[in-house]
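# Observations on the three-dimensional arrangement
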Amino acid sequence: MQYPPLPRPLRDDSALHTQRHGSKLPDTFASRSSNALSSASGSPSSPPPPYEDVYRDFSSKPNFISSFSGSIEPSSLSRSGPPNSSSSRTNPIGGLAMSCNSRPSISQLREALSSLDTQMASLLSQRQQLESYLEQAVRSQSPIYRLPEELLSSIFVTGVCQSGDQDSLLVSSLMLVCRYWRDVVVNSPELWATICISPHDSLQKARRRLARSKSVPLDITVNFTPRSDNATGLMENIIRAMDLLRPALWRARSFRLSVPNRPQAHAALLRCKEDAPLLETLSICIFHSMQEDHYSSPCLPLFNGHTPRLRSCSFTSFNFGWDKRIVSGLRVLQLGGYWNGFSPSVDKLLEMLRACPQLEELALRNMSDADPEGSVHSEPEFMSNKVVKLPRLIKASFYYAGNMRVRMLLSQISFPALESLDFCYLDNLTPILEYLRQQALTSLPLRHLRIESSFFNEPKFVTLLKRLMSLTTLELIDIEDVSSFLLKNLSTPPASHPWICPKIERLSLDGCTSLEWDSLRSLVESRLSGKSLPPSSTSMTAMRAMSSASVSAHVHALAMGRSSPLPAPRRLTSIDVTHCHQINKEMVQWLKMYVPDVCCDPAKGVWGEPVLP
């Protein structure tokens with residue numbers, strides 16, 4: 001059954017428009033009511049509105065936009081005709097609203113959007129500029145930027161000098177922070193006082209550092225190793241380097257020269273004729289020490305013989321004629337690499353040591369042994385009259401310096417303040433240990449003793465250790481004479497003597513293959529308990545065998561006070577059993593339970609590769 005269509009109510013659009021303009025409500029609500037009517041007329045239950053109504057509603061939508069625009073007046077809605085072109089250019093939004101009744105074109109819409117984008121970009125640019133100004137203003141109030149240049153320069157100099165790094169990486173990093181820091185670094189001559197010329201450091205870099213260092217003391221290093229890439233032009237490079245440095249040698253604080261052979265050293269040192277009033281450290285190293293040529297004779301006096309501040313000399317294969325003008329008044333003397341007829345005699349060494357009464361460190365390394373017939377006599381009368389006193393000698397090292405030379409030197413010098421002593425590759429040390437025992441009768445505060453690749457009488461060595469009450473580090477490297485006898489004496493003191501080396505904390509037995517595990521375990525256990533030993537009835541006899549008056553007084557006080565026990569030894573903090581094949585993995589694990597630092601051979605796999613323990 002079909003129903004007849006309902007008649008559509010008639011609507012007077014002109015009356016509605018007149019009523020809407022005559023009402024006191026704003027156009028917004030009027031447009032909303034019009035839209036509501038149009039939407040109601042477009043419902044499914046009613047037929048679509050005529051084309052005129054749709055066109056009228058579409059043309060009324062820009063009026064809704066213009067009602068929210070501050071630049072458009074309500075009176076403009078009643079005007080018809082095209083908008084003014086000049087006003088649309090100055091205000092695209094207003095021109096668009098004024099031309100809403102005439103349908104704004106696409107170009108006008110795009111022009112309006114472009115104008116808005118331009119204004120937004122300008123505002124963002126202004127905001128970024130203001131933020132930059134604000135950041136600079138806040139940064140300028142930071143304390144680091146208010147430091148004076150002098151104070152900031154002192155901080156840089158302290159940081160760079162204490163780092164001990166000769167590379168300019170730290171200085172370059174400081175220059176990359178900001179322009180202000182770069183100017184401070186460039187104007188700080190102390191930061192450019194280290195001059196290094198080598199195959200890896202160019203002459204241009206050295207020239208720039210010389211210019212920026214102005215007139216401050218310099219630390220100069222010329223290092224050309226035998227493995228240089230350009231071996232053919234090495235002599236020319238050394239001469240160019242010395243020609244560049246020659247005008248600045250008068251303000252050199254330290255000068256280090258390392259070249260492959262003596263002709264190159266001779267060519268470089270010929271350019272060191274000026275006085276060096278600020279020189280404190282001088283080091284000359286010639287790598288090929290076995291060469292014999294006409295350059296082996298000494299060259300001209302270095303620095304015109306005027307080095308009043310020189311305190312440290314290190315010569316390797318450099319023949320300076322054993323001139324006392326260079327090695328007088330030194331604090332550190334290191335000689336090495338002298339073979340055959342170029343090695344110094346004992347008389348020459350004693351003359352140099354006699355010219356250095358304030359010597360603190362002495363090192364003799366890689367020398368041919370001295371001739372006993374052409375050296376000093378060993379009579380007691382001669383020894384007592386010609387003894388060289390070195391009251392400030394703290395460290396002495398003798399590394400393959402000849403057994404006869406070392407024995408004669410120790411018999412002719414006095415070192416009551418010696419704290420560190422090294423003996424390496426000296427064959428039989430038993431006579432040398434006897435001279436140490438004689439020195440210990442008065443005073444020998446030795447704290448570090450190292451013996452490597454030598455042999456000695458073990459009972460006499462134990463007798464010496466009884467007098468070294470201040471010893472804290474004992475290193476025995478590749479010593480086959482070390483057996484359980486030494487370890488038992490260190491773990492169980494005799495009845496008439498206190499603990500042997502009670503302050504020892506670090507013990508190295510690298511390569512000592514003759515000792516037994518039981519004696520080593522007893523040594524570790526005996527120094528774990530911390531129990532004190534009661535004084536024995538023969539303490540007075542032990543007092544007579546003490547090395548110094550202070551230790552004797554201490555034992556005497558313990559003997560007088562019977563209730564006071566002897567001091568307990570210190571616990572071992574480090575032990576080295578590397579290359580001891582008799583110490584297996586289980587023994588090492590036991591040592592790690594009671595000693596904090598244990599050095600041993602790394603565990604290896606089936607094919608000898610290192611594996612984790």
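Residues numbered from 1 in each chain as written. Predicted model: local features only at pLDDT ≥ 70, side-chain atom pairs only at ≥ 80, totals over all residues. Heavy atoms only, no water.

Attention now goes to the overall build of the chain. Along its length, the chain carries 22 helices and 16 strands. Of all intrachain contacts in the chain linking residues separated by at least 6 positions in sequence, the fraction that spans at least 24 positions is 73%. (Helix = DSSP H or I, 4+ residues; strand = E, 2+ residues; numbered from the N terminus. Contact = heavy atoms within 4.5 Å.)

With respect to the element layout, S314 can be found in strand β5 (residues 312-316). By relative accessible area, which is 17% here, S314 ends up buried. Side chain to side chain, S314 and Q334 meet in a polar contact 3.3 Å long. (Buried < 20%, exposed > 50% of the residue type's maximum accessible area, 1.4 Å probe, protein only. Polar contact = N/O pair within 3.5 Å; in protein donor to acceptor, adjacent residues only side chain to side chain.)

Following the criterion strictly, the structure yields 14 salt bridges and no others. Across the pair D243 and R271 runs a salt bridge whose closest N-O atoms are separated by 2.9 Å. Highlighted residues: D243 in helix α11 (residues 234-245) and R271 in the loop between α12 (262-269) and β4 (281-286), separated in sequence by 28 residues. A relative accessible area of 19% means that R271 is categorised as buried. Across the pair R450 and E475 runs a salt bridge, and its minimum N-O distance is 2.6 Å. Taken as a pair, R450 in strand β12 (residues 448-455) and E475 in strand β13 (residues 473-477) lie far apart in primary sequence, 25 residues in all. On the accessibility criterion, E475 (19% relative accessible area) is buried. Residues participating in the shared-partner salt-bridge network are R450, E452 and E475. (Salt bridge = Lys/Arg side-chain N within 4 Å of Asp/Glu carboxyl O.)

Between helix α19 (residues 517-526) and helix α22 (residues 585-594), the shortest axis-to-axis distance is 11 Å and the interhelical angle comes to 10°. One finds that α19 runs roughly parallel with respect to α22. Every residue of α22 that contacts α19 at W517, L520, R521, V524 and E525 is listed here: M587, W590, L591 and Y594. Grouping the constituent residues of the contact of α19 with α22 by class yields seven nonpolar, no polar and two charged. (Axes fitted to C-alpha atoms, helices over the stretch in contact; angles between N-to-C directions. Parallel < 35°, antiparallel > 145°, perpendicular 65-115°, else oblique. Nonpolar A, V, L, I, M, F, W, Y, C, P; charged D, E, K, R; others polar.)

Position of L269 relative to the elements: it lies in helix α12. On the basis of relative accessibility, which here comes to 4%, the residue L269 falls in the buried class. A C-alpha to C-alpha distance of 7.2 Å links L269 and L302, two positions 33 residues apart in sequence.

Its location among the elements puts D576 in strand β15 (residues 574-576). Nearest to the buried, unbridged D576 among oppositely charged side chains is R450, at 7.8 Å. A distance of 2.5 Å separates polar atoms of two side chains, one belonging to D576 and the other to T578. With residues near it in sequence (within four places) discarded, D576 still touches L507, S508, L509, D510 and C599. (Lys, Arg positive; Asp, Glu negative; His and termini not counted.)

What follows covers the state of the cysteines. Inspection of every chain in the model, using the stated rule, returns zero disulfides. The thiol of C512 is not disulfide-bonded; the next cysteine sulfur, from C580, is found 6.0 Å away. (Disulfide = S-S within 2.5 Å.)

In total, this model carries 13 aromatic pairs according to the counting rule given. Aromatic pair F456 and F461: ring centres 4.7 Å apart, planes at 35°, arrangement tilted. Between W590 and Y594 the ring centres are 4.8 Å apart and the planes differ by 50°, which places this aromatic pair in the tilted class. Note that W590 and Y594 are positioned in helix α22 at a spacing of four residues, about one turn of the helix. Judged by relative accessible area, which is 18%, W590 ranks as buried. Site record: aromatic cluster; members linked through ring pairs are F315, F318, F320, W322 and Y338. R212 extends its terminal NZ or CZ atom over the ring of W192, reaching a point 4.6 Å from the ring centre. Above the ring of Y399, the side-chain terminus of R365 is found at 3.9 Å from the ring centroid. (Phe/Tyr/Trp six-rings, centres within 6.5 Å; stacked < 30°, edge-to-face > 60°. Lys NZ or Arg CZ within 6 Å of the ring centre and 35° of its normal.)

What tends to happen in soluble globular proteins is that the nonpolar side chains get buried as a cluster. In this structure, F255, L282, F315, L335, F398 and F423 are the most contacted members of the largest nonpolar core, which totals 117 residues. Sort the elements by how many residues they give to this core and α11 lands first, with six residues. Aside from chain neighbours lying at most four places away, what touches F423 is F398, V406, L410, L429, I432, L436, R450, I451 and E452. (Core = buried A, V, L, I, M, F, W, Y, C linked by side-chain atoms within 4.5 Å.)

One can find L152 in helix α7 (residues 149-163). By relative accessible area, L152 is classed as buried at 1%. C-alpha separation for the pair L152 and V184, spaced 32 residues apart in sequence, amounts to 7.5 Å. Ignoring sequence-local partners within four residues, the contact set of L152 consists of I144, L147, Y180, W181 and V184.

This part is about a positive patch on the surface. Taken together, the side chains of K324, K348, R354 and K386 make up a positively charged region of the molecular surface. One can find K386 in the loop between α14 (380-385) and β8 (388-389). (Patch = residues over 30% accessible without salt bridge, like charges linked within 9 Å, V, L, I, M, F, W, Y side chains within 5 Å. Areas by Shrake-Rupley, 256 points an atom, 1.4 Å probe, with all protein chains shown as cover. Charge placed at Lys NZ, Arg CZ, Asp CG, Glu CD.)

Another aspect to go through is the pairing of strand β9 (residues 395-399). By the bridge criterion, five bridges tie strand β7 (residues 361-367) to β9 in an arrangement that is parallel. Residue pairing for β9: L362 is matched across the bridge by A396. Here five bridges tie β9 to strand β11 (residues 420-428), and the two strands are oriented parallel to one another. When the bridges of β11 are listed, A396 appears paired with L421. (Pairing = 2+ DSSP bridges.)

With that settled, consider helix α17 (residues 458-465). Within α17, the full set of buried residues consists of E458, F461, V462, L464 and L465. Viewed end-on, α17 has its buried residues packed into an arc of 155°, placing them on one side of the element. Elements in contact with the buried residues of α17: α16 (430-440), β12, β13 and α18 (484-491). (Arc of directions from axis to C-beta.)

Another aspect to go through is the confidence of the model for the chain. As a note on interpretation, predicted positions should not be read in detail where pLDDT is low. Predicted confidence across the chain gives a mean pLDDT of 77, with 69% of residues reaching 70 or more. Of all secondary-structure elements in the chain, the lowest mean pLDDT belongs to helix α20 (residues 539-544), at 40, while β9 reaches the highest, 96. Counted against residues more than four places away or in other chains, residues 6-90, with its pLDDT under 50, gives 49 contacts. A low-confidence stretch, residues 531-564 (pLDDT under 50), is modelled with 51 contacts involving residues beyond four sequence positions or located in other chains. (pLDDT = per-residue confidence, 0-100.)

Packing of α17 against α18 brings their axes to within 10 Å, and their N-to-C directions diverge by 25°. One finds that α17 runs roughly parallel with respect to α18. Crossing angle aside, the handedness with which α17 passes α18 is right-handed. Along its contact with α17, which presents E458, P459, F461, V462 and L465, the element α18 presents F485, L486 and N489. Taken together, the residues of the contact of α17 with α18 break down into six nonpolar, one polar and one charged. (Left-handed = near helix turned anticlockwise from the far one by under 90°.)

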